[in-house]
Amino acid sequence: DPRMPNFLSTPVSPDRPRFEYSRTDPGAPPCCTVVTPFFNTGAVFHQTARSLLNQSLQDWEWIIVNDGSTDPEAVAILVKYRDSDPRIRVIDHAHNRGLSAARNTGFAHAAADLVFQLDSDDLIEPTTLEKCVWYLHTHPEAAFVKGFTVGFGAEQYLWTRGFHDNDGFLSENLATATAMVRRLAHEAVGGYEEGIRAGLEDWDFWMRCADRGFWGATIPEYLDWYRRRGGHWEAWRNVGASERRREFHDRLRERYPRLYGGSFPTLQPRWPLAYDRVPQRPPLAARLAKPAPRLLMLVPWLTLGGADKFNLNLLKQLTSRGWEVTIATTLAGDHSWLPEFARHTPDIFALHGFLDACDHPVFLRYLIESRRPDAVLISNSELGYLLLPYLRAHCPEPAYVDYCHMEEEYWKNGGYPRYAVASQDLLDLNIVSSEHLRGWMAGHGADPQRLQVCYTGEDTQAWRPNPDARRRIRIEYALDEDSPLILYAGRIVRQKQPQVFARVVRELAERELDFTVLVAGDGEDLPWLQQFVQQHGLGERVRFLGPAPIEIMPDLVSACDIFFLPSLWEGIALSIYEAMAAGLAVVGADVGGQRELVTPDCGVLVPRGRSDDEEVAAYTHEVSRLLADPDLCRRMGRRARQRIADRFTLSDMGDRMVALLEEAVRLKAGAPRAAPSQAFGHECANRAVEYLRAFTLSESLWQEREGLRVALSQQLAQHNGSHNGVDPHAMAQDIIRQNIRYRIADRLNNTLKGLGLHRALKSITVRTLGLRRRQGV
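Remember, it's a predicted structure, so these values are computed and weren't measured experimentally.

## So, the overall build of the protein chain
What the protein chain contains, in helices and strands, is 27 helices and 22 strands. In terms of overall size, the protein chain behaves like a compact globule, its C-alpha atoms giving a radius of gyration of 30 Å where 777 residues would be expected to give roughly 28 Å. Oriented by its inertia axes, the alpha-carbon framework of the protein chain measures out at about 85 × 70 × 60 Å. Taking all 777 residues of the protein chain together, 56% fall into the buried category. Residue pairs at least 24 apart in sequence account for 78% of intrachain contacts in the protein chain once pairs closer than 6 positions are excluded.

Following this line, the structure appears as structure tokens:
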């Protein structure tokens, strides 16, 4: 977790979650070869071996090159691996020849076209080989690939530089040798320089590849662990001694003058084209044994949000009951919660980190064929719904279910529940978060017999009144024990109505009531909210916490008295479950299914008003009433917690979801849905990729247009509308249109670059779009 790194929790630590990775076909050819030089390595070699044996991709061969080891203990360690697994081969050098020679020997004996370099004391994350193999299969322009690096042992650090830094390698070595390399690239450059035995032989190899036009890429995940020892550089004089390092750098300049003369290669991005074709089949097959029930979850991302927290809670519940869970994300994002999910399963794939969009469908097909899940669960994944015909056509074995939290009339005429209704013939079961949503979907045409409710629930042990945390946090914020504290938490976006929240806080302050507000969360409207607080002198009343880590949120909530969330729409807000479990009185919106959770004895739900003014007045009245009557507030809080404990625990949710997944499997067997043809399913996958490409492009252009419109409006207001007799608004619209043309031209030009046609068609592009120069544009 880059926010709070735990350098002791290595890929082989006992605190890591397990997934039973074992292959079903012992005779399958290797998808990759792993090459490990070995020279007098001690017992830490067993850790390296475990990190390889626990890989999600099991169809590998491992070549260990014993580079003339002389230590009896090291020789004895190798004996344990010589005949332990038919995938493992030990090749002996008669005498020590160095890292470069050992790696070259491994490449020379490799059976696979892709070779992963793994030193004998380093470690790799469980999905490293699988992601690297898939990257190189789907990116033929790359000669090698690796992830980010964790330094551990005597020195601890996180390293995010690498092949994506391109000519940064002219100044220093930015990547460890722990990378996957095409064997043909290694052969084309003559392998490693065996005369380099004092370190930095990998830097020379990367430069040698670059000089021949080969270059690589970086997967933006921490995939390898580089062990640092005390006195690490004593054996590597080229690295440890500054003078030797300078001399080595000077030799690189002499060897590769073209690179230092400005001819360093870079990988050009593959721009998505209209109707990019989804590959007909996966480039590899790697079926795993299945000792336990399994679920594949298709989710948009792994980041802060109520739906994402439900996904995390579901993952915890299933794995605690013996399920193995694979997670695939279908949208680009920061995936800041990935470490939280990785505490419970290692089998996580953020698709945008190592695949192009046209490869997402075939990779999901591969995951299903490899893991053989009992069920595939779609949770707020638009791509998941769009690919249902493709997945059902090619992978008919699992049951397909979805989970919907709330209808969104403001987004795609109903949001994910609208997708769910339209896709019901391809889903074995629909699961929803409330009776309200079940009724909405049935009213829009869904078969109610295939609609089931599972409330999201909450963990009453993690979320509970905590007097010690309450005192500590109130001391931290200089608050009295009895001073009312209001919490506003979630994504600071339009859905949570920050404008209404801000006006209510201002009204309460003008009434000179005693209260403080904590704002926990991030989002596109946070800057506006911070500016409003500053402009109206509310800085003493409102404390901004930012996106507080999930670990500290239970303590923060327990320090508060009132949870205030004036949403535009919700299913049932997970943050309300949390607040009620912690003993807070709730003031929220009477939307979605929230009245199924919040009853009058434990909170107040305010109906949506006809205007913001009406809602502000209603919310101000209810919050004021609780602030004026602390006993009422405390009674509501106690009843709120009791309601969660009686009917809405996380354990209840886990039991219900397991029962519903098993029901979906029974429905799949007893009343199966008709599967589309594979040809039709494949065409649906092509259309899905194209639709999302066009939608993403149009969204980005719209955002650019809106940003330009706002900026121009501000500029025109500053000039008081005087522009030498020219209508300023007409001028603004003209500039907007012209700017959009340039944006389209820029995107088109990038696409043409990918095809090598940009020079030939540049003039046609300019003429077709009617581009012209304008001062200031």
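After that view, the rundown keeps rolling.
## Quick look at the packing of aromatic side chains
Summed over the entire model, instances satisfying the criterion amount to 36 aromatic pairs. Here the aromatic rings of Tyr691 and Phe695 are separated by 5.9 Å at their centres, their planes lie at 25°, and the arrangement is stacked. One end of the pair is Tyr691 and the other is Phe695, both in helix α25 (residues 678–718) and four residues apart, which spans about a single turn. Under the relative-accessibility criterion, Tyr691 is labelled partly exposed at 31%. Among the aromatic residues, those joined into a ring-pair cluster are Phe144, Phe163, Phe169, Tyr192, Phe205, Trp206, Trp215 and Phe264. In this structure, Arg103 packs its charged tip against the face of Tyr192, placed 5.2 Å from the ring centre. Taking the ring centre of Tyr419 as reference, the NZ or CZ of Arg418 above it sits at 5.0 Å.

## Describing the pattern of salt bridges
As enumerated under the stated definition, the model contains 49 salt bridges in all. Note that Arg472 and Asp555 form a salt bridge whose closest N and O atoms lie 2.9 Å from each other. Note that Arg472 is positioned in helix α17 (residues 467–476) and Asp555 in helix α20 (residues 553–558), a separation of 83 residues in sequence. It is possible to trace a salt-bridge network through shared partners that takes in Asp1, Arg3, Glu340, Arg343 and Glu551.

## So, the side chain of Ser9
Considering the arrangement of structural elements, one finds Ser9 in the segment before β1 (32–38). Ignoring any residue separated from it by four or fewer positions in sequence, one finds Ser9 in contact with Asp15, Arg16 and Trp225.

## As for unusual backbone geometry
One non-glycine residue, Asn413, adopts positive backbone phi at about 60°. One can find Asn413 in the loop between β14 (399–404) and α15 (416–422). Accessibility expressed as a relative area gives 56% for Asn413, which makes it exposed. In this structure, Ala478 is a non-glycine residue whose phi angle is positive, near 55°. One can find Ala478 in the loop between α17 and β17 (485–489). In this structure Ala478 comes out as exposed when scored by relative accessible area, which is 69%.

## Examining the nonpolar core
Note on soluble globular proteins: their nonpolar side chains tend to be buried together. Core analysis: the largest hydrophobic core is formed by 78 residues, its most contacted members being Trp62, Leu129 and Met180. In this structure Trp62 touches Val34, Thr36, Phe45, Ala49, Leu52, Tyr81, Arg87, Ile88 and Arg89, once residues within four positions along its chain are discounted. Grouped together as the second largest cluster of nonpolar side chains are 70 residues, Val519, Cys560, Ile562 and Ala640 included.

## Section: the pairing of strand β10 (residues 294–299)
If a strand is regular, its side chains alternate between the two faces of the sheet. The element β10 is extensively covered by neighbouring structure, given that six of its six residues are classed as buried. Along β10, one buried face is formed by Arg294, Leu296 and Leu298 and the opposite face, lined by Leu295, Met297 and Val299, is buried too. Pairing geometry for β10 and strand β11 (residues 324–329), over six bridges, is parallel. Among the inter-strand pairings, Arg294 is bridged to a residue of β11, identified as Glu324. Considered for its hand, the β-α-β crossover made up of β10, helix α10 (residues 306–320) and β11 is right-handed. Pairing of β10 with strand β13 (residues 375–379) involves four bridges; the strand directions are parallel. Paired with Leu296 across the two strands is Val376, which belongs to β13.

Rules and cut-offs
Residues numbered from 1 in each chain as written. Predicted model: local features only at pLDDT ≥ 70, side-chain atom pairs only at ≥ 80, totals over all residues. Heavy atoms only, no water. Helix = DSSP H or I, 4+ residues; strand = E, 2+ residues; numbered from the N terminus. Rg over C-alpha atoms; globule rule 2.2 N^0.38 Å. Buried < 20%, exposed > 50% of the residue type's maximum accessible area, 1.4 Å probe, protein only. Contact = heavy atoms within 4.5 Å. Phe/Tyr/Trp six-rings, centres within 6.5 Å; stacked < 30°, edge-to-face > 60°. Lys NZ or Arg CZ within 6 Å of the ring centre and 35° of its normal. Salt bridge = Lys/Arg side-chain N within 4 Å of Asp/Glu carboxyl O. Core = buried A, V, L, I, M, F, W, Y, C linked by side-chain atoms within 4.5 Å. Pairing = 2+ DSSP bridges. Right-handed = clockwise from strand over helix to strand, strands pointing away.

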